[in-house]
Amino acid sequence: MRFLLGISRAIDALSLNINKAVIWLVLLSSLVSAGNALVRYALHSSSNAWLELQWIMFGAIFLLGASYTLMKNGHVRVDVLYSKYPPRVKLWVDLLGTLFFLIPTAVVIFLTSLPWVANSISTREMSPDAGGLPYWPIKLLIPVALVLLILQAISEVIKRLAMLTGHLDIPEYVTEEEAEVQEVKAIVVNNDPKEDKQ
């Protein structure tokens, strides 16, 4: 299990480092968006290239941020019962959901995207709009992002197995949302006027 946890840590580090680069894309896309709006309204000029650059960066942020979001357990959950489950049940739900739904779906989408991306690269697909940008770079990010998501899913499987077998402590497994709720509860309890009177 120690070897597998080492692999998990390496995958987590990869997701973390990619996320650090993606954070800069958020800033850059905001600056491009603001600059584009300023030029459009102040100078009455615009370019399809700047609009498409915003869309490309926006797509890259979501594609490349998916693996980090999975690592932080930040994806939206549809199951309303999940938050009420005991920790071990949550581990089993995550483990089985990742093995039987997330990984197979990501693999199918990855395999399906390859011919589509290869065609886009071979034809050097461009935007049909005047002054538009090439489409193939953002399409290339789709299989790349799926590989990163699959790797992170494998890391999450390793961590859940380690927790279930006692190699990692279960209390370490807290979602970002649960941590925020606990933090707010602690603040409320510490600032409760009823407690001051006692």
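This write-up is about the structure you can find in this document. (Residues numbered from 1 in each chain as written. Predicted model: local features only at pLDDT ≥ 70, side-chain atom pairs only at ≥ 80, totals over all residues. Heavy atoms only, no water.)

## A few points about the overall build of the protein chain
Part 1: When its secondary structure is counted, the protein chain shows 6 helices and 0 strands.
Part 2: Secondary structure elements in the protein chain, listed N-terminal to C-terminal, are α-α-α-α-α-α.
Part 3: A buried classification covers 31% of the 198 residues belonging to the protein chain.
Part 4: Of the contacts made within the protein chain by residues no fewer than 6 positions apart, 70% connect residues no fewer than 24 positions apart.
Part 5: Approximately 12,800 Å² of the protein chain is accessible, and the part contributed by carbon and sulfur atoms is 69%. (Helix = DSSP H or I, 4+ residues; strand = E, 2+ residues; numbered from the N terminus. Buried < 20%, exposed > 50% of the residue type's maximum accessible area, 1.4 Å probe, protein only. Contact = heavy atoms within 4.5 Å. Areas by Shrake-Rupley, 256 points an atom, 1.4 Å probe, with all protein chains shown as cover.)

## What about the nonpolar core?
Generally speaking, soluble globular proteins have nonpolar side chains that are buried together.
Part 1: Ala-66, Leu-70, Leu-91, Leu-95, Ile-103, Leu-149, Ala-153, Val-157, Met-163, Leu-164 and Ile-170 form the largest nonpolar core, which has 11 residues in total.
Part 2: The set of elements that each furnish at least two residues to this core consists of α2 (48-71), α3 (87-122) and α4 (136-164).
Part 3: It is α4 that contributes the most residues to this core, 5 residues altogether.
Part 4: Ile-18, Ile-61, Leu-64 and Leu-148 belong to the second-largest nonpolar core, a separate cluster that totals 5 residues. (Core = buried A, V, L, I, M, F, W, Y, C linked by side-chain atoms within 4.5 Å.)

## With respect to the packing of helix α1 (residues 2-42) against α4
Part 1: Between α1 and α4, whose axes approach to 9 Å, the crossing angle comes to 140°. As the angle between them shows, α1 and α4 are arranged oblique. By crossing handedness, the relation of α1 to α4 is classed as left-handed. Side by side, α1 and α4 meet where Leu-4, Leu-5, Ile-7, Ser-8, Ile-11, Asp-12, Leu-14, Ser-15 and Ile-18 of the first sit next to Leu-148, Leu-151, Gln-152, Ser-155, Glu-156, Ile-158, Lys-159 and Ala-162 of the second.
Part 2: Taken together, the residues that form the contact of α1 with α4 break down as 10 nonpolar, 4 polar and 3 charged. (Axes fitted to C-alpha atoms, helices over the stretch in contact; angles between N-to-C directions. Parallel < 35°, antiparallel > 145°, perpendicular 65-115°, else oblique. Left-handed = near helix turned anticlockwise from the far one by under 90°. Nonpolar A, V, L, I, M, F, W, Y, C, P; charged D, E, K, R; others polar.)

## Structural notes on the layout of surface pockets
Part 1: Looking at the largest pocket, its volume works out to about 530 Å³.
Part 2: Lining the largest pocket we find 22 residues, and of these Leu-70, His-75, Arg-77, Thr-98 and Leu-102 sit closest to its centre.
Part 3: Of all the elements in the fold, those that place two or more residues in the lining of the largest pocket are α3 and α4.
Part 4: The dominant element in the lining of the largest pocket, judged by the number of residues it contributes, is α3, at 9 residues.
Part 5: In the lining of the largest pocket, the residues fall into 11 nonpolar, 6 polar and 5 charged. (1 Å grid on protein atoms, 1.4 Å probe; cavity = no way out; pocket = protein on both sides within 12 Å on 5 of 7 lines; lining within 4 Å. Points joined across faces, edges and corners; volume = space filled by probe spheres on them.)

## Structural notes on unusual backbone geometry
Part 1: The phi angle at Asn-73 is positive, at roughly 60°, despite the residue not being glycine.
Part 2: Non-glycine residue Arg-124 carries a positive phi angle of around 50°.
Part 3: With respect to the helices, strands and loops of the structure, Arg-124 is situated in the loop between α3 and α4.

## What about the side chain of Ser-29?
Part 1: Summarising the element assignment, Ser-29 is placed in helix α1.
Part 2: Once residues within four sequence positions are removed from consideration, Ser-29 is found in contact with Met-57 and Ile-61.

## Concerning the packing of α2 against α4
Part 1: At a closest axis distance of 7 Å, the pairing of α2 and α4 adopts a crossing angle of 10°. Our classification of the angle between α2 and α4 gives roughly parallel. In this structure, α2 contributes Ile-56, Gly-59, Ala-60, Leu-63, Leu-64, Ala-66, Ser-67, Leu-70 and Met-71 to the contact, and α4 contributes Ile-138, Leu-141, Ile-142, Ala-145, Leu-148, Leu-149, Gln-152, Ala-153, Glu-156 and Lys-159.
Part 2: Tallied by class, residues from the contact of α2 with α4 come to 14 nonpolar, 3 polar and 2 charged.

## Quick notes on α3
Part 1: The terminal C-alpha atoms of α3 lie 49 Å apart, and with 36 residues this matches the ideal 52 Å at 1.5 Å per residue to within 8%.
Part 2: Along its length, α3 reaches its greatest deviation from straightness, about 45°, at Thr-98.
Part 3: Considered for burial, the residues of α3 that qualify are Lys-90, Leu-91, Asp-94, Leu-95, Thr-98, Ile-103, Ala-106, Ser-113, Val-117 and Ser-120.
Part 4: Positioned one or two residues after α3, Arg-124 has a phi angle of 50°, which is positive. (Expected span 1.5 Å × (residues − 1). Bend = angle between axes of the 7 residues up to and from the residue.)

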